[in-house]
Every structure is written in structure tokens, then in C-alpha cells.
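Structural description and commentary
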Amino acid sequence: MIKIYHNTRCRKSREGLQTVQASEQPYEVIDYISNPLSEKELQDVIKILGIKPIDLVRKNEAIWKSDFKGKELSDQQVITAMATHPKLIERPIVIHKNKGVIGRPNDRIFDIL
């Protein structure tokens, strides 16, 4: 089953959801803003994506700029920041059959469907 980590307020995330829906495959929507991911769940997603935790951070978010920008943070501290402030997580994230992508640009989603 496809999983899409989705923020309903984000246009790019809504476009990603439309792409997943158009695939006509079973999917699960995870609204990570309303139901924040645990640090363990974030670690699992990051492992599937094959990226460093910092690569999942939205660095233009106000909370990042005010509280974290310019600081030397460990991978675990970055994960903790995203778990505490889910708006920091890039979106959408689509996972299918142990492969995953950040759906920016949206075309990347086709790579795993």
C-alpha cells in the first residue's frame, strides 16, 4: 500500500495526493500535522528515503530560522526538531514498497508508483 505523508494546507502536497489517487492503487494518507510523527517514525521514513535528516527539513520555515538556523545540530537533534515542529518536514513524502521520495517536484512520485 502507498503511504503519503500529507499536509492539507500545502499546494504541493495536495498535488502529490492527486498523483497518488490517479494511480488507482490503494493508499493511506497520513496527516502528519494533525498527528505528528514520533522520532522513531521519522527515523524509519528517513531510512527509506535514503537521506540525511537535515535533507527533510524545510529550511525556510520561520521556526527553523528563529530556533535552529546556523546551529550545529546532530542528526538526532534534527529529528527531534521535526517531531516537535512537524511544519518543518518537507512534503509530500510518498512511500511505496520500501521506496520513498519527497514529491518535489511532483513527477518524482511516478518513480516509485
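Residues numbered from 1 in each chain as written. Predicted model: local features only at pLDDT ≥ 70, side-chain atom pairs only at ≥ 80, totals over all residues. Heavy atoms only, no water.

A few points about the packing of helix α2 (residues 39-49) against helix α4 (residues 75-84)
At a minimum axis separation of 9 Å, α2 and α4 run at an interaxial angle of 115 degrees. Taken as a pair, α2 and α4 cross one another with a handedness that is right-handed. For the pair α2 and α4, the contacting residues are Glu39, Leu42, Gln43 and Ile46 in the first and Gln76, Ile79, Thr80, Met82 and Ala83 in the second. Of the residues assigned to the contact of α2 with α4, the class counts are five nonpolar, three polar and one charged. (Axes fitted to C-alpha atoms, helices over the stretch in contact; angles between N-to-C directions. Helix = DSSP H or I, 4+ residues; strand = E, 2+ residues; numbered from the N terminus. Left-handed = near helix turned anticlockwise from the far one by under 90°. Contact = heavy atoms within 4.5 Å. Nonpolar A, V, L, I, M, F, W, Y, C, P; charged D, E, K, R; others polar.)

A closer look at the environment of aspartate 75
Structurally, aspartate 75 is set in helix α4. Classification of aspartate 75 as partly exposed rests on a relative accessible area of 37%. Spatially, the C-alpha atoms of aspartate 75 and lysine 52 are 7.4 Å apart, while their sequence positions differ by 23 residues. In this structure, aspartate 75 is in contact with Lys52 and Pro53, ignoring residues within four places of it in sequence. (Buried < 20%, exposed > 50% of the residue type's maximum accessible area, 1.4 Å probe, protein only.)

Concerning α2
Within the span of α2, buried status applies to Leu42, Val45, Ile46 and Leu49. Down the axis, α2 shows its buried residues gathered within 100 degrees of arc, on one side only. Facing away from the buried side of α2, by more than 90 degrees, are the exposed residues Lys40 and Lys47. Here the buried face of α2 lies against β1 (2-6), α4, β3 (93-96) and β4 (99-102). Taken from the residues just after α2, glycine 50 is the one with a positive phi, measuring 70 degrees. (Arc of directions from axis to C-beta.)

Some remarks on the sheet that holds strand β2 (residues 27-31)
Pairing within the open sheet is mixed, and its four strands lie in the order β2-β1-β3-β4. Each having just a single partner strand, β2 and β4 make up the two edges of the open sheet. The mean inter-strand angle of the sheet, taken between neighbouring strand axes irrespective of direction, is 15 degrees. Judged from the five bridges that link them, β1 and β2 form a sheet pairing that is parallel. (Pairing = 2+ DSSP bridges.)

Regarding the environment of isoleucine 2
With respect to the helices and strands, the residue isoleucine 2 is situated in strand β1. Residues isoleucine 2 and lysine 99, spaced 97 residues apart in sequence, show a C-alpha to C-alpha distance of 9.8 Å. Aside from chain neighbours lying at most four places away, what touches isoleucine 2 is Val20, Ser23, Gln25, Pro26, Tyr27, Glu28, Val94, Ile95, His96 and Leu113.

Structural notes on the pairing of β4
Across four bridges, β3 lies against β4 in antiparallel orientation. Each bridged residue has a counterpart across the sheet, and for histidine 96 the counterpart in β4 is lysine 99. In textbook terms, the turn of a hairpin is the stretch between consecutive antiparallel strands, and for β3 and β4 this stretch comprises two residues, one of which, lysine 97, has a positive phi near 55 degrees.

Shape is all these values report; function is a separate question.
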